[in-house]
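Coordinate inspection notes
Letter by letter, the chains look like this.
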Amino acid sequence: MLTALVTSAVLVGAVVVGDTAVTPAAVAAPQWPVPQPFPVTDDPPETLPDLPPGSEYVALGDSYSAGYGLGHPTGLPVRACAQSGEDYPHRIAARFGLDLTDVSCAGATSEDVRDGTQFRGAPPQIEALSASTRLVTLTIGGNDADLFGTAASCLALSASGPVFSGQNAPSCRSTLVADGLDTLGVKIQSRVALGIAETLADVRAAAPNARVVLLGYPAIFPDEAHTPSSGCFRPAVDLGTLAGRFPEDTYPFTDTDVRWLHGVQEQLDEVGRDAARAAGVTFLDVFAATQAHSACARRGSYVEGISLDSLGGLRRIDLKPGALHPDRAGVRFLTESTADLLRREFG
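Read on for a plain summary of the structure.

**Quick notes on the overall build of the protein**
Along the backbone of the protein there are 10 helices and 11 strands. Within the span of the protein, comprising 347 residues, buried residues form 57% of the whole. Here the protein displays about 14,200 Å² of accessible surface, and carbon together with sulfur accounts for 52% of that area.

Here it is in structure tokens:
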């Protein structure tokens, strides 16, 4: 069963797709904007003096922008992107009456934003930008680092291990840090940092009259101050699993990996901030403000925990959509944080 979990459940920037990584039937998207569940009206609840209603707003990025795991799928830019009409870009557009084009897509890398065709019918996201674009928001870099895929492979049987994969390794850290060299950290400081920097430069060039906002990622793994003395571990499997039932909203990570993955996420936040500063782009840091609301938190979390699902008996076990992604409270937080920033930038 544990082997089946590792081999058949694949988290692609936050899309669990079983044995295949694409949806072959993906087709070109309908026109924007999608009016539900947050319609843009001629009389929005709030306006910004320097970003009037009808201003062109383009949302780029990965699953943290796309609202992966939430309801009201838009089918945009293609169905395989798992974009939700409840994502923060739709909420921001409705709040300020902006003309939204949302091309965010779960699983997107910086290359998919710049010049990649992530799914058939979904051109590079940057093609949605023009000289008339006034606002651009995005989250990017997590899939370049494979942070989410790494986290999905770190599910453990207890707070002290072993992890499901890795030949009974006591933790993921034990397999990815050798002789003091953190392979994931090295990737973030090099390839990921370069990818974010190139993406921001290309976005600015494609939308020369826009304010560009790079959002950081909310805390998935808490810092020491917000880690309970008893630890975070909540098992993803129990006796009910033998009957095909799994616990909901679990946190099956060893104490070692919670500390290590928090540090990895901290590095990702830092390289995003540095790239934004170098590109002259606004960085919205939500990492520090969400430490008390990670998926570890039993109450008030902004990020979904791990829930497993079994299809066709226990031969195939997958992560339920939305695992380790913002829940509705988290999306509301991202919306309010972005709205506060826009009031400062355009008020």
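**Details of the sheet that holds strand 9 (residues 282–284)**
Pairing within the open sheet is parallel, and its five strands lie in the order 4-3-5-8-9. Lying at the two open borders of the sheet, with one neighbouring strand each, are strand 4 (99–102) and strand 9. Averaged over all adjacent pairs, the angle separating strand axes in this sheet is 20°, with direction ignored. Sheet topology note: the strand 3 (residues 56–59)/strand 5 (residues 133–138) ladder contains four bridges and is parallel. Across the sheet, Tyr-57 pairs through a bridge with Leu-135, a residue of strand 5. Contacts from helix 8 (residues 183–206) reach strand 5 and strand 8 (211–215), with the element oriented near 155° to strand 8.

**Considering unusual backbone geometry**
Looking along the chain, the bond that leaves Leu-76 and enters Pro-77 is cis, with omega of -15°. Inspection of the secondary structure puts Pro-77 in the loop between helix 2 (63–66) and helix 3 (88–96). The step from Gly-161 to Pro-162 runs through a cis peptide bond, and the omega angle for that step is 0°. Take Pro-162: it is sitting in the loop between helix 6 (147–152) and helix 7 (173–176). Unlike most non-glycine residues, Asp-146 shows phi in positive territory, near 60°. Looking at the secondary structure, you find Asp-146 in the loop between helix 5 (142–145) and helix 6. Positive phi outside glycine occurs at Asp-249, with the angle close to 50°. Along the chain, the position of Asp-249 falls in the loop between strand 8 and helix 9 (255–279). Judged by relative accessible area, which is 29%, Asp-249 ranks as partly exposed.

**A word on the environment of Val-40**
By the element assignment, Val-40 lies in the loop between strand 2 (15–16) and strand 3. For Val-40, a relative accessible area of 36% gives the class partly exposed. When sequence neighbours within four positions are dropped, the list of residues in contact with Val-40 reads Ala-93, Ala-94, Gly-97 and Leu-98.

**Points about the state of the cysteines**
If you walk through the whole model with that rule in mind, you get three disulfides. Paired through a disulfide, Cys-81 and Cys-105 show a sulfur-sulfur distance of 2.0 Å. Linking Cys-81 and Cys-105, the disulfide has an S-S dihedral of approximately -85° and is accordingly described as left-handed. Within this pair, whereas Cys-81 is found in the loop between helix 2 and helix 3, its partner Cys-105 is found in the loop between strand 4 and helix 4 (110–114), the two being separated by 24 residues in sequence. Side by side, Cys-81 and Cys-105 carry an identical accessibility label, which is buried. Covalently, Cys-232 is tied to Cys-296 through a disulfide, its sulfur atoms 2.1 Å apart. The chirality of the disulfide connecting Cys-232 with Cys-296 is left-handed, given an S-S dihedral of about -90°. You can see Cys-232 sitting in the loop between strand 8 and helix 9 and its partner Cys-296 sitting in the loop between strand 9 and strand 10 (308–310), a full 64 residues away along the chain. The same class applies to Cys-232 as to Cys-296, namely buried. In the protein, numbering the disulfide-bonded cysteines from first to last in sequence yields the connectivity 1-2, 3-4, 5-6.

**Observations regarding the nonpolar core**
With 64 residues, the main nonpolar core has Leu-60, Leu-200, Leu-214 and Phe-253 as its most contacted residues. Of all the secondary structure elements, the ones that give two or more residues to this core are strand 5, helix 6, helix 8, strand 8, helix 9 and strand 11 (317–319). At nine residues, the largest contribution of residues to this core is made by helix 9. Not counting residues up to four positions away in its chain, the partners in contact with Leu-60 are Ser-65, Val-103, Ser-104, Val-113, Gln-125, Leu-129, Val-136, Thr-137, Leu-138, Thr-139 and Val-203. Membership of the second largest hydrophobic core comes to 24 residues, among which are Leu-48, Ala-93, Leu-215 and Tyr-302.

**Remarks on helix 9**
For helix 9, built from 25 residues, the straight-helix expectation of 36 Å at 1.5 Å per residue is met to within 8% by its first-to-last C-alpha distance of 37 Å. One or two positions beyond helix 9, positive phi appears at Gly-280, with a value near 70°.

**Brief notes about the packing of aromatic side chains**
Two measures describe an aromatic ring pair: the distance that separates the ring centres and the angle between the ring planes. Following the criterion strictly, the structure yields seven aromatic pairs and no others. Ring geometry for Phe-221 against Tyr-251: centres 6.1 Å apart, planes inclined by 55°, an arrangement best described as tilted. Placement of Phe-221 in the loop between strand 8 and helix 9 and of Tyr-251 in the loop between strand 8 and helix 9 is noted, with a sequence separation of 30 residues between them. Judged by its relative accessible area of 1%, Phe-221 falls in the buried class. Taking the centre distance of 5.0 Å and the plane angle of 25° together, the rings of Tyr-302 and Phe-333 count as stacked. Taken together, the residues span a long stretch of sequence, with Tyr-302 in the loop between strand 9 and strand 10 and Phe-333 in helix 10 (residues 328–346) at a distance of 31 residues. Tyr-302 gets classed as buried once you look at its relative accessible area, which sits at 17%. Since its relative accessible area comes to 18%, Phe-333 is described here as buried. Ring-pair connections join several aromatic residues into one group, and the members of that group are Tyr-64, Phe-148 and Tyr-217.

About the cut-offs
- Residues numbered from 1 in each chain as written.
- Predicted model: local features only at pLDDT ≥ 70, side-chain atom pairs only at ≥ 80, totals over all residues.
- Heavy atoms only, no water.
- Helix = DSSP H or I, 4+ residues; strand = E, 2+ residues; numbered from the N terminus.
- Buried < 20%, exposed > 50% of the residue type's maximum accessible area, 1.4 Å probe, protein only.
- Areas by Shrake-Rupley, 256 points an atom, 1.4 Å probe, with all protein chains shown as cover.
- Pairing = 2+ DSSP bridges.
- Axes fitted to C-alpha atoms, helices over the stretch in contact; angles between N-to-C directions.
- Contact = heavy atoms within 4.5 Å.
- Disulfide = S-S within 2.5 Å.
- Core = buried A, V, L, I, M, F, W, Y, C linked by side-chain atoms within 4.5 Å.
- Expected span 1.5 Å × (residues − 1).
- Phe/Tyr/Trp six-rings, centres within 6.5 Å; stacked < 30°, edge-to-face > 60°.

Bear in mind that shape data such as this cannot, by itself, settle questions of function.
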